[in-house]
There are 2 protein chains.
Amino acid sequence: MALPPHVSSSDFASALAAWRQAVGKDWVFTSDADVALYRDAYSPYWGEPEERLASAAVAPASLEEVQAVVRTANQYRVPLYPISTGRNLAYGGSAPVYSGSVVLDLKRMNRVLEVNERNAYALVEPGVSYFDLYDHITKAGLDVWIDPPDPGWGSVIGNALDGGAGWTANPFRDHFGAHCGMEVVLASGEVVRTGMGALPNSKSWQHNRWGYGPWVDGLFRQSNFGIVTKMGFYLMPRPESYVMGTATSMRDEDIVPMLDVLNRLENEHVVNGSTQIFGGGPGGPPGPGGAAPLWSIQAPIYGPEAVVRAQIEHAKAKFTAIPGVKFEVGELLRTPLTAAALARVRQVNFGVPNLSTFSMLGRSPVNPNPDGGHIGFSPIVPRTGESLLEFKRFYAENLSKVSGGENLGVVGPVYMTCWDRTLVCLIMFPIGRDKIKNAKMRRAFEGWVHLAAERGWAEYRAPAAFQDLIASTYSYNNHALLRLRESIKDAVDPNGILSAGRYGVWPKHLRKA
Amino acid sequence: MALPPHVSSSDFASALAAWRQAVGKDWVFTSDADVALYRDAYSPYWGEPEERLASAAVAPASLEEVQAVVRTANQYRVPLYPISTGRNLAYGGSAPVYSGSVVLDLKRMNRVLEVNERNAYALVEPGVSYFDLYDHITKAGLDVWIDPPDPGWGSVIGNALDGGAGWTANPFRDHFGAHCGMEVVLASGEVVRTGMGALPNSKSWQHNRWGYGPWVDGLFRQSNFGIVTKMGFYLMPRPESYVMGTATSMRDEDIVPMLDVLNRLENEHVVNGSTQIFGGGPGGPPGPGGAAPLWSIQAPIYGPEAVVRAQIEHAKAKFTAIPGVKFEVGELLRTPLTAAALARVRQVNFGVPNLSTFSMLGRSPVNPNPDGGHIGFSPIVPRTGESLLEFKRFYAENLSKVSGGENLGVVGPVYMTCWDRTLVCLIMFPIGRDKIKNAKMRRAFEGWVHLAAERGWAEYRAPAAFQDLIASTYSYNNHALLRLRESIKDAVDPNGILSAGRYGVWPKHLRKA
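Here the structure is a predicted model, which means the values were calculated and not measured. (Residues numbered from 1 in each chain as written. Chains lettered and ligands numbered in written order. Predicted model: local features only at pLDDT ≥ 70, side-chain atom pairs only at ≥ 80, totals over all residues. Heavy atoms only, no water.)

1. A word on the sheet that holds strand β2 (residues 56-58) of chain A
Residue and element names in this part refer to chain A.
Part 1: Taken in spatial order, the 4 strands make up an open sheet running β1-β2-β4-β3, and their pairing is mixed. At either margin of the open sheet sits one strand with a lone partner, and together these are β1 (28-29) and β3 (80-83).
Part 2: Here β3 runs beside strand β4 (residues 102-105); their pairing, made up of 4 bridges, is parallel. If you follow Leu 80 over to β4, its bridge partner there is Val 102. (Pairing = 2+ DSSP bridges. Helix = DSSP H or I, 4+ residues; strand = E, 2+ residues; numbered from the N terminus.)

Here it is in structure tokens:
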């Protein structure tokens, strides 16, 4: 059995005994076989000494059990790594950032505590997956949609806390931004409720996010300041209809006015769906009839039918005012979709969680267990056509250099609009079990990080193995933001027991000088 | 000259000398006449020993001068109270929460650093008022709107930091929620940039609010953790048109389905303007032709003309499906409004800041300087008709009790939708220079706070004199949220020099046991 770092075997034995007492012996995992289940299947260091590995795992079933586990960890200085469902694939999965941490697995806390149809919100525990919440809503016959990411087996809370986005409409697509109210267990074991939840007998915990005084919720995003045990989310009232508009152009430079039009339509909320930009590079889609358009922008709209029809006509008028740009209006779909209609669409765009993304990423009947997956380098770039063209050149000019002249199977660039005003330019790296290939991929990833940072671009989210690297690029004023976070870390978790190293924040005793 | 508490006269003299060196002698104010300008004209303790008073004021003109002032304050342990333009009327104005603090007046930092029309955002300093930003945009001929509150002379940053809301459309109405990126001077004098601003040479500071890692921006809302010296805000692309729909009913119980309809329309963003609910109590408006409707809901919509027409028809269909409910569609107004059209409307609804609210609150040509003003008790109540009816009964049943059987001139209840999912029920108290009347008003205010908290209702914002009282109602788990904030306060401002007591957070040496 592995020992957590800086913990004696007798102290660890005492901690394990206390945990077995608290959560039941069946829910403390120490065997190699059990602990191996918490490995990150897509670790860029798979099988190498640098792979981040858990020493054990403990799975509490209630708030009180979480508190007990944390108090014991504090007593014996055992590092914990809380996970929700452990499906944070491509970002570290269920493996800790700090090797030897004990995974605090919250999957058993899987209650949907409330779904309020009239005020369109949900209150859930961390073990609730998108599938669970969808099933609950469907069984209860409630007329609200969830906003699923790809894929749907992850935790609603976990995805939001890691900064994830989904595929229906704004503002629901921004999962952290669409939350309202939290319950958090601090490293001390104390329970805090945020926003209006700090009021005993509160009746508006999921009605108003800000509450009174300093808003602390943001601290628990991509962080190690506490363990979120309940979280509220705004839900989308089922939209009556959906239509997709697609703007295309054959000329590179047209992306500048096209993106200006899209920005305006989204900023005034006339286009509200998960817009996507295709083309402009090797990643572009094949066009119908042979001649591929260079750029293609998808602009989905949700709402009442007459409104959606007016919105799509408005969008068409604005796009086609650009010389050479065409705009195609798709079939208007009324909700709820029939089973036949649902089979023809991308289900996440209709609030239905699924796992089809895995087939897109290489899993197929012919190859049911592909040897590896992908991780992404995904910097935020200003939402202008000029920036997009600059990124396209940047990718073309540097691909060979960062790849050491080899074809590493990198796929890019992919342009994504995440949240309401953000453009993410994604470069996908294959990751597998071949140590030599993984090492080359890591060097390439690091190369992109440095080259992008020189231009003022950096990632919004990172795989565990690269979290320190990315954090180091956010260095304004001698890393002032990181130092502020470290001072808060020391205040709220003085023994540094929670998720050491997550997103670059280390406790004092593990901090590099 | 008054001395700050716990500061010796020689230390204070040294601090003043250092500040004169840093900001110029004309910008350090110590005379009684100068310091009196920072009094809160609407203090509920006007002229009484409990009135919160400044000891001096200092007005830096740049980031570097703010840093210098803060470092000196830290050296001599002088309490500072930063204000932006000092127009936080009804919430303490420019007076400190902790008597004897030195006001750090940021009005000279009044640069509009950027207004980006294509991506619809602004970056401003704290001294920039809504008038300033509007003038800048108008002179530059940019096609974006600001979201003014009543009145327009306040600071864009100050209003957002205090949790204010405005009168155009969601999501811009939520001023803190519509911000993107901050620059903050900490108590140490260090400068932090948040979100993407932490990246040197960042190109997306005002494009993505979340950045990478824990989000600290929320900490600077209604707080004393730092001094915000720059802040980005999303702006609204000028909407092509506006129309107001008004739903009315003669029956009390109709508010239940009416509010359900409004919630759904707002939650799906079909109605996007600053909705208002009138009636149901003594505060109801007179109806046309004598017969007053009991309830009246105003639902303004902004957007392209054809879209707005479809939206208002949809809203009408949903409201009039409730038996007995009528829906009137106002004149559709195209923007930019002519001067004649602008003279007929409420200008803040069209992004034009002004001071007309003062005439609504009793100032008139006949009475240009009324002896006092109003402060509001404004708890957040769940957005349902049942809650609204409960608040109406609550008000009627308790008005005489909390007022000691007297008519104190209280006006209420007023129902306001602030931000996208929040209902605020407002009770307005007159405040003046009569100490006996003020004492009665204070007792009544305190009475409402306690009675409301028993029902799970509490305020989102409070006058300085009542900030501790309101904070004490957010007491879940033995004031766990307050204790978390205190631990952060101790970490980021160990000497407790910034805004002691603001929103109930006191530094360690002033904290009650």
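Now that the structure has been shown, the text picks up again.
2. As for the side chain of Asn 119 of chain A
Part 1: Take Asn 119 of chain A: it is sitting in the loop between β5 (112-116) and β6 (121-124).
Part 2: Residues in contact with Asn 119 of chain A, not counting those within four places in the same chain, are His 207 of chain A together with Asn 263, Asn 267, Arg 383, Thr 384 and Arg 421 of chain B. (Contact = heavy atoms within 4.5 Å.)

3. Description of the pattern of salt bridges
Part 1: In the structure shown here, the tally under the stated rule is 56 salt bridges over all chains.
Part 2: Two residues, Arg 264 of chain B and Glu 268 of chain B, come together in a salt bridge whose shortest N-O distance is 3.5 Å.
Part 3: In this structure, the salt-bridge partner of Lys 440 of chain B is Glu 406 of chain B, at a minimum N-O distance of 2.7 Å. Taken together, the residues span a long stretch of sequence, with Lys 440 of chain B in helix α11 (residues 435-454) and Glu 406 of chain B in the loop between α10 (385-402) and β19 (411-418) at a distance of 34 residues.
Part 4: Under the relative-accessibility criterion, Lys 440 of chain B is labelled partly exposed at 26%.
Part 5: In the salt-bridge network here, residues are joined through shared partners; they are Asp 143 and Arg 238 of chain A together with Arg 264 and Glu 268 of chain B. (Salt bridge = Lys/Arg side-chain N within 4 Å of Asp/Glu carboxyl O. Buried < 20%, exposed > 50% of the residue type's maximum accessible area, 1.4 Å probe, protein only.)

4. Things to note about the relation of the copies chain B and chain A
Part 1: Laying chain B over chain A is done by rotating through 180° and shifting 0.0 Å along the axis; what remains is an RMSD of 0.0 Å. Expressed as a symmetry operation, the mapping of one chain copy onto the other fits a two-fold axis.
Part 2: Same-surface contact between copies: 100% of interface residues of chain B are shared with the interface of chain A. (Least-squares fit on C-alpha atoms with pLDDT ≥ 70 in both.)

5. Brief notes about the interface of chain B and chain A
By a widely used convention, the size of an interface equals the accessible area lost when the partners come together.
Part 1: The partner chain A presents 102 residues to the 102 residues of chain B that form the contact.
Part 2: Here chain B packs against chain A, burying approximately 8500 Å² in sum over the two surfaces, 57% of which is carbon and sulfur.
Part 3: In terms of surface lost to chain A, no three residues of chain B exceed Tyr 212, Arg 421 and Tyr 476 of chain B, which account for 11% of the buried area on that side.
Part 4: The partner of Glu 190 of chain A in a salt bridge is Arg 483 of chain B, with the nearest N and O atoms 2.9 Å apart.
Part 5: Taken together, chain B and chain A are joined by 58 residue pairs in polar contact (both at pLDDT 80 or more).
Part 6: Taken together, the elements giving at least two residues each to the side of chain B that touches chain A come down to β9 (191-193), α6 (255-267), α7 (305-320), α10, α11, β21 (458-459), α12 (467-473) and α13 (476-492) of chain B.
Part 7: Top contributing element to the side of chain B that touches chain A by residue count: α13 of chain B, with 11 residues.
Part 8: Class assignment of the residues belonging to the side of chain B that touches chain A gives a composition of 49 nonpolar, 28 polar and 25 charged. (Buried area = accessible area lost by both parts, 1.4 Å probe. Polar contact = N/O pair within 3.5 Å; in protein donor to acceptor, adjacent residues only side chain to side chain. Nonpolar A, V, L, I, M, F, W, Y, C, P; charged D, E, K, R; others polar.)

6. Notes on the pairing of strand β12 (residues 241-249) of chain B
Residue and element names in this part refer to chain B.
Part 1: With respect to burial, β12 is a largely interior element, 7 of its 9 residues being buried.
Part 2: Judged from the 9 bridges that link them, β12 and strand β14 (residues 295-303) form a sheet pairing that is antiparallel. Its bridge partner lying in β14, Met 244 is registered against Pro 300.
Part 3: Sheet topology places β12 next to strand β16 (residues 333-334); 2 bridges connect them, and they run antiparallel. When the sheet's bridge partners are listed, Tyr 242 is paired in β16 with Leu 333.
Part 4: Pairing geometry for β12 and strand β15 (residues 326-329), over 4 bridges, is antiparallel. The residue bridging Ala 247 from the neighbouring strand is Phe 327, located in β15.

7. Considering the sheet that holds β5 of chain A
All names here are of chain A.
Part 1: In spatial order, the strands read β5-β6-β10-β8-β9; together these 5 strands make up an open sheet with antiparallel pairing. In this open sheet, the two strands that pair with only one neighbour each are β5 and β9 (191-193). This sheet shows a mean twist of 10° between the axes of neighbouring strands, independent of strand direction.
Part 2: Taken together, the 4 bridges between β5 and β6 define a ladder with antiparallel strand orientation. Paired with Val 115 across the bridge in β6 is Ala 122. (Axes fitted to C-alpha atoms, helices over the stretch in contact; angles between N-to-C directions.)

8. What about the environment of Pro 430 of chain B?
Residue and element names in this part refer to chain B.
Part 1: Relative to the assigned elements, Pro 430 resides in strand β20 (residues 422-431).
Part 2: Along the chain, Pro 430 and Gly 409 lie 21 residues apart, while their C-alpha atoms are 6.4 Å from each other.
Part 3: With sequence-adjacent residues up to four places away left out, Pro 430 is seen in contact with Gly 373, His 374, Leu 408, Gly 409, Val 410 and Met 441.

9. Overview of helix α6 (residues 255-267) of chain A
Residues and elements named next belong to chain A.
Part 1: Here α6 spans 17 Å end to end across 13 residues, near enough to the 18 Å set by a 1.5 Å rise per residue.
Part 2: Buried residues dominate α6, accounting for 10 of its 13 residues.
Part 3: At the C-terminal side of α6, His 269 shows a positive phi close to 65°. (Expected span 1.5 Å × (residues − 1).)

10. Digging into the confidence of the model for chain A
Residues and elements named next belong to chain A.
Part 1: Averaged over every residue, the pLDDT of chain A is 94; the share at 70 or more is 95%.
Part 2: Note that residues 282-288 has pLDDT below 50 and, in this model, 12 contacts with residues that lie over four places away or in other chains.
Part 3: Among the scores for the predicted complex, ipTM is 0.96 and pTM is 0.96. (pLDDT = per-residue confidence, 0-100.)

11. What about the state of the cysteines?
Part 1: According to the stated counting rule, one finds 0 disulfides over all chains in the structure shown.
Part 2: Cys 180 of chain A carries a free sulfur, and the closest cysteine sulfur to it, the one in Cys 418 of chain B, is 14 Å from it.
Part 3: We classify Cys 418 of chain B as buried; its relative accessible area is 6%. (Disulfide = S-S within 2.5 Å.)

12. So, empty space enclosed by the protein
Part 1: By the definition in use, this model includes 14 cavities of 30 Å³ or more.
Part 2: Around the largest cavity, the lining is made up of 30 residues, and of these Pro 171, Gly 177 and Arg 209 of chain A together with Pro 171 and Arg 209 of chain B lie nearest the centre.
Part 3: Looking at side-chain class alone, the lining of the largest cavity contains 12 nonpolar, 11 polar and 7 charged residues. (1 Å grid on protein atoms, 1.4 Å probe; cavity = no way out; pocket = protein on both sides within 12 Å on 5 of 7 lines; lining within 4 Å. Points joined across faces, edges and corners; volume = space filled by probe spheres on them.)

13. Observations regarding the packing of aromatic side chains
Part 1: Enumeration over the complete set of coordinates arrives at 43 aromatic pairs over all chains.
Part 2: Ring geometry for Tyr 212 of chain A versus Tyr 503 of chain B: centroids 5.0 Å apart, planes at 65°, classification edge-to-face. Separated into two different chains, Tyr 212 of chain A in the loop between β9 and β10 (227-234) and Tyr 503 of chain B in the segment after α13 make up a pair that spans both. The exposure classification of Tyr 212 of chain A matches that of Tyr 503 of chain B, with both residues buried.
Part 3: Relative to Phe 466 of chain A, the ring of Phe 445 of chain A has its centre 4.0 Å away and its plane inclined at 10°; by these criteria the two rings are stacked. With a gap of 21 residues between them, Phe 445 of chain A in helix α11 (residues 435-454) and Phe 466 of chain A in the loop between β21 (458-459) and α12 (467-473) connect regions that are remote in the sequence. Here Phe 445 of chain A and Phe 466 of chain A have matching classes, each one buried.
Part 4: Following the ring pairs from residue to residue traces out a cluster consisting of Phe 176, Trp 210 and Trp 215 of chain A together with Phe 176, Trp 210 and Trp 215 of chain B.
Part 5: Sitting above the plane of the Trp 153 of chain A ring, Arg 87 of chain A keeps its charged end 4.0 Å from the centroid. (Phe/Tyr/Trp six-rings, centres within 6.5 Å; stacked < 30°, edge-to-face > 60°. Lys NZ or Arg CZ within 6 Å of the ring centre and 35° of its normal.)

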